[in-house]
Amino acid sequence: LCRAAHSVDVLLNGTKRGTMLDQALMLDRLTARRPAHALERDLYCDDGVYNLDLDHIFYRDWLFALPAPVLPKPGAFATLQIGAYPVVIVRSTDGMIRAFHNVCRHRGQRLCATTTGSTPNLVCPYHQWTYGLDGKLLYARDMGDGFDPAAHGLKRSIASIWAGWSLSAWPRCRRRSRIWPSI
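Residues numbered from 1 in each chain as written. Predicted model: local features only at pLDDT ≥ 70, side-chain atom pairs only at ≥ 80, totals over all residues. Heavy atoms only, no water.

A. Here's a closer look at the confidence of the model for the protein. With 80% of its residues at a pLDDT of at least 70, the protein reaches an overall mean of 81. In the predicted structure, residues 1-15 sits below a pLDDT of 50 and forms 15 contacts with residues beyond four places in sequence or in another chain. Segment residues 174-183: pLDDT under 50, and twelve contacts once partners within four positions in sequence are set aside and those in other chains are kept. (pLDDT = per-residue confidence, 0-100. Contact = heavy atoms within 4.5 Å.)

Right, dumping it as structure tokens:
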């Protein structure tokens with residue numbers, strides 16, 4: 001039974017199912033593609049290709065997050081998942097739209113469990129660490145004398161508004177947009 005299952009795992013192209021394509025193999029398959037035909041199945045659903053897309057596209061450039069009017073007043077938030085990162089985008093009390101990792105810095109609990117809502121502060125449901133809408137840690141119970149709240153604010157993403165659209169990027173996004181020079 002084990003041998004039969006193993007032989008089923010070998011695909012026609014010589015790679016095993018579950019073996020992720022690396023960048024060189026992915027490029028070989030793309031350049032070998034017949035014009036006007038679909039790509040090979042692996043290029044649509046392989047974990048290695050997905051990870052390369054995240055690393056080379058989605059984690060490096062600006063992404064459309066949501067229309068800015070979705071967050072009409074301070075405290076309004078929306079959540080989304082960008083690859084491995086849960087993100088919360090919130091309108092802060094100064095009217096700015098900010099983006100953070102949607103994870104408490106204490107125990108990694110998700111801060112906002114719903115896709116949209118409104119809140120005066122971002123509060124972790126686990127130990128009630130409380131963050132302001134600017135990402136600063138406001139309250140952390142029983143952390144001791146040497147604890148520095150300023151060192152434990154939420155991890156930021158980059159957020160900006162362009163023509164009524166909220167855009168988000170990761171700290172790895174080093175280039176300024178040529179399309180949106182004000183960003």
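Next comes the rest of the description.
B. Molecular detail of the pattern of salt bridges. One pass over the structure, following the stated rule, counts four salt bridges. Asp-42 is the salt-bridge partner of Arg-29, the closest N and O atoms lying 2.8 Å from each other. Within this pair, whereas Arg-29 is found in helix H2 (residues 23-31), its partner Asp-42 is found in helix H3 (residues 42-45), the two being separated by 13 residues in sequence. Looking at Arg-29, the relative accessible area reads 7%, which means it is buried. For Asp-42, a relative accessible area of 10% translates into the label buried. The structure contains a network of salt bridges with shared partners spanning Arg-29, Glu-40 and Asp-42. (Salt bridge = Lys/Arg side-chain N within 4 Å of Asp/Glu carboxyl O. Helix = DSSP H or I, 4+ residues; strand = E, 2+ residues; numbered from the N terminus. Buried < 20%, exposed > 50% of the residue type's maximum accessible area, 1.4 Å probe, protein only.)

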